[in-house]
Amino acid sequence: MPRQADPTLPSRIAEAAHALWRKDGDQAVTIRDVAKRAKTTTPSVYAHFADRTAILRAVRELAHEHFVTALAKSNSVIDACGRMLAFADEHPRDYELLFGYGFRDRVEPAVQAAQFAIFEGYVRQAGVPDRDVRPTALAIRSLVHGAAMFRLAQDKPGPWWLESRAACLDAC
């Protein structure tokens, strides 16, 4: 009798790849290392993911779920901005994967638009008039993203990080 397929294997593979990504970044996510960490074989990985790009897409989806969960607790635009900066500080590799260099190459335009629409929703909830929602959201996103990327340019928070973070939130 053939072995039953493990229904948890695709998520185990994605979680294993995500753990490797968070620990050591892009170069750590090899098919062989993902299989080893997921306690499966390389052919089993390929049975569920066509290639490394598909695995990285799954990693990005996991990172995005964590990001959305962190922001879902927001009760204002300022709180959302603070949570975005905290996410970048606490999960630098995930933030970089989600919004760093190469973002436009990794994420389809429709997904980018949907993600930005969520942020526009926070701005709208803050009482910004409809005609000003998009420009306000673009300005705030640019400010927060710039601060986050300055933070990620360092291996750990530099001596100015807390002051820079506070200034960013004041500007928001």
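The following paragraphs examine the structure supplied in this document. What you see is a predicted model; the values in this text were computed from it and never measured. (Residues numbered from 1 in each chain as written. Predicted model: local features only at pLDDT ≥ 70, side-chain atom pairs only at ≥ 80, totals over all residues. Heavy atoms only, no water.)

**Description of the packing of aromatic side chains**
Given two aromatic rings, one states the distance between the centres and the angle between the planes to describe the pair. To keep things clear, this is the line we draw: Note on ring pairs: Phe, Tyr and Trp rings are taken, using the six-membered ring of Trp, and paired if centres are within 6.5 Å. Classes follow the plane angle, with under 30 degrees stacked, over 60 edge-to-face and the rest tilted. We count a stretch as a helix when DSSP gives it H or I for four or more residues in a row; a strand needs E for two or more, and each element gets its number in order from the N terminus.
Under the counting rule described, the total for this entry stands at four aromatic pairs. Judged by centre distance (6.4 Å) and plane angle (40°), the rings of F116 and F119 are tilted. You can see F116 and its partner F119 sitting in helix α8 (residues 109-125), three residues apart, about one turn around the helix. Grouping aromatic residues by their ring pairs yields a cluster made of F67, F87, Y95 and F99.

**Focus: the side chain of E120**
Spelled out, the test is: Residue exposure (1.4 Å probe, protein chains only): buried if accessible area is under 20% of the type maximum, exposed if over 50%, otherwise partly exposed. The contact rule is simple, with two residues in contact once any of their heavy atoms fall within 4.5 Å.
By secondary structure assignment, the location of E120 is in helix α8. Look at E120 and you get buried, because its relative accessible area is 9%. The residues touching E120, leaving out its near neighbours within four places in the chain, are V133, R134 and A137.

**Here we look at the packing of α8 against helix α9 (residues 130-152)**
To be explicit about the condition: Every axis corresponds to a line fitted to the C-alpha atoms, with the helix fit spanning only the stretch in contact, and the corresponding angles, defined between N-to-C directions, vary from 0 to 180 degrees. Any angle between 65 and 115 degrees counts as roughly perpendicular, while under 35 counts as roughly parallel, over 145 as roughly antiparallel, and the rest as oblique. Handedness of a helix crossing follows the sense of rotation of the near helix relative to the far helix, less than a right angle counterclockwise being left-handed and clockwise being right-handed. As a working rule, the residues Ala, Val, Leu, Ile, Met, Phe, Trp, Tyr, Cys and Pro are called nonpolar, Asp, Glu, Lys and Arg charged, and the rest polar, with Gly in that last group.
Two elements in contact, α8 and α9, have axes whose closest approach is 9 Å; the angle formed by their N-to-C orientations is 115°. Considering their axes alone, α8 and α9 lie roughly perpendicular with respect to each other. Viewed along their axes, α8 and α9 form a crossing whose handedness is right-handed. Here α8 contributes F116, F119, E120, V123 and R124 to the contact with α9, which in turn contributes D130, V133, R134, T136, A137, L138, I140 and R141. Considered class by class, the residues forming the contact of α8 with α9 number seven nonpolar, one polar and five charged.

**Remarks on helix α10 (residues 161-171)**
To keep things clear, this is the line we draw: This arc describes the spread of directions from the helix axis toward the C-beta atoms.
Every buried residue belonging to α10 is among W161, C168 and L169, and all of these are buried. For α10, the angular spread of buried residues about the axis comes to 95°, placing them on one side. Within α10, the exposed residues directed more than 90 degrees away from the buried face are E163, D170 and A171.

**Focus on the nonpolar core**
Definition in use: Here, nonpolar core means buried Ala, Val, Leu, Ile, Met, Phe, Trp, Tyr and Cys residues that are tied together by side-chain atoms lying within 4.5 Å of each other.
Grouped together as the largest cluster of nonpolar side chains are 52 residues, with contacts concentrated most on V29, I55, L85, Y95 and F119. At the level of elements, α1 (9-24), α2 (31-37), α4 (52-72), α5 (77-90), α6 (92-99), α8, α9 and α10 are the ones that each hand at least two residues to this core. Here this core takes nine residues from α4, the largest share from any one element. Discounting chain neighbours no more than four positions away, the residues touching V29 are A17, L20, W21, V34, R52, I55 and L56.

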